[in-house]
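Topology and contacts: notes
The chain contents come next:
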Amino acid sequence: MTMFPPDLDARAAELIDRLRGARLMLATAESCTGGLIAGLITSVSGSSDVLDCGFVTYSNGAKARMIGVPSDLIQRHGAVSAEVARAMAEGALANSAADVAVAVTGVAGPGGGSAAKPVGLVHCAAARRGRETVSRELRLGDIGRQEVRIETVRVAVAMAYEIAGP
């Protein structure tokens, strides 16, 4: 039993099985979840077979320094954008030995939102070497900080599972 909801534990185990079966390694690049995706993966026995690393890039400077997100991209689109989420996933691949990466950036709340980027807006992306990076926008609303973060983890794990498939 972990601190995560049981459905997330099960999804993490399924993701690990898929990655192991395909001989793929995973990296995470997380902003609004603060390492929860990597935390979920490592809560499952055997995760060391498939998890290369996790980057917690909460600040814009960390996004640029650690995973190479161009500062001008952040300035043009904002940290909470599909463009930055895709750059985070691709940067996680470029700065790791992973084959698959998932990235998230968003406004968990309760503060920090705006009319253009309200609380509950999250951008997720998944990248795999040799494939096109995919992204997804979530508009979760002001459902509570922890709920935004957990739902973001749920979507990110699902995206990693999909991109790790055949």
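Described in the following lines is the structure provided in the data block. Predicted model only: the values in this text are computed from it and were never measured.

Relative to the helices and strands, leucine 24 is located in the loop between α1 (6-22) and β1 (26-30). Leucine 24 sits 118 residues away from aspartate 142 along the chain, and the two C-alpha atoms are 36 Å apart. When near neighbours in sequence (up to four residues on either side) are disregarded, leucine 24 contacts Leu19, Val50, Asp99, Val100, Arg128 and Ala164.

To continue, consider the sheet that holds strand β5 (residues 134-139). Taken in spatial order, the 5 strands make up an open sheet running β2-β1-β3-β4-β5, and their pairing is mixed. The open sheet is flanked by β2 (51-56) and β5, the only strands paired with a single partner. This sheet shows a mean twist of 10° between the axes of neighbouring strands, independent of strand direction. Here β1 runs beside β2; their pairing, made up of 5 bridges, is parallel. Bridging across to β2, alanine 29 finds its partner in phenylalanine 55. Helix α5 (residues 82-94) contacts β1, β2, β3 (100-106), β4 (121-128) and β5 of the sheet and is inclined by roughly 35° relative to β4.

The subject of this paragraph is the side chain of threonine 28. Its location among the elements puts threonine 28 in strand β1. Within the structure, threonine 28 has its side chain in polar contact with the side chain of glutamate 30 (distance 3.3 Å).

Before going further, it helps to spend a moment on the state of the cysteines. Taken as a whole and assessed by the stated rule, the structure comprises 0 disulfides. Looking at the unpaired cysteine 53, the closest cysteine sulfur is the one in cysteine 32, lying at 18 Å. Between cysteine 124, a free cysteine, and cysteine 32, which holds the nearest cysteine sulfur, the sulfur-to-sulfur gap is 7.3 Å. Classification of cysteine 124 by relative accessible area gives buried; the value is 0%.

Take the pairing of β1 next. Buried residues dominate β1, accounting for 5 of its 5 residues. What you see with β1 is no split at all: Leu26, Thr28 and Glu30 on one side and Ala27 and Ala29 on the other are buried throughout. Taken together, β1, helix α2 (residues 36-42) and β2 constitute a β-α-β crossover, and its handedness is right-handed. Here β1 runs beside β3; their pairing, made up of 5 bridges, is parallel.

Tracing the sequence through the fold places threonine 33 in the loop between β1 and α2. Side chain to side chain, threonine 33 and glutamate 30 meet in a polar contact 2.6 Å long. In this structure, threonine 33 is in contact with Val104, Arg149, Thr152 and Val153, ignoring residues within four places of it in sequence.

Two elements in contact, α1 and helix α6 (residues 145-163), have axes separated by 9 Å at closest approach and are oriented at 25°. For the element pair α1 / α6, the angle class is roughly parallel. Where α1 crosses over α6, the handedness of that crossing is left-handed. Seen from α1, the contacting residues are Asp7, Leu8, Arg11, Ala12, Glu14, Leu15 and Arg18; seen from α6, they are Ile150, Val153, Arg154, Val157, Ala158, Ala160, Tyr161 and Glu162. Residue composition of the contact of α1 with α6, by class: 9 nonpolar, no polar and 6 charged.

Reading the values: the criteria
Residues numbered from 1 in each chain as written. Predicted model: local features only at pLDDT ≥ 70, side-chain atom pairs only at ≥ 80, totals over all residues. Heavy atoms only, no water. Helix = DSSP H or I, 4+ residues; strand = E, 2+ residues; numbered from the N terminus. Contact = heavy atoms within 4.5 Å. Pairing = 2+ DSSP bridges. Axes fitted to C-alpha atoms, helices over the stretch in contact; angles between N-to-C directions. Polar contact = N/O pair within 3.5 Å; in protein donor to acceptor, adjacent residues only side chain to side chain. Disulfide = S-S within 2.5 Å. Buried < 20%, exposed > 50% of the residue type's maximum accessible area, 1.4 Å probe, protein only. Right-handed = clockwise from strand over helix to strand, strands pointing away. Parallel < 35°, antiparallel > 145°, perpendicular 65-115°, else oblique. Left-handed = near helix turned anticlockwise from the far one by under 90°. Nonpolar A, V, L, I, M, F, W, Y, C, P; charged D, E, K, R; others polar.

Function-wise, these values are silent; they only describe arrangement.
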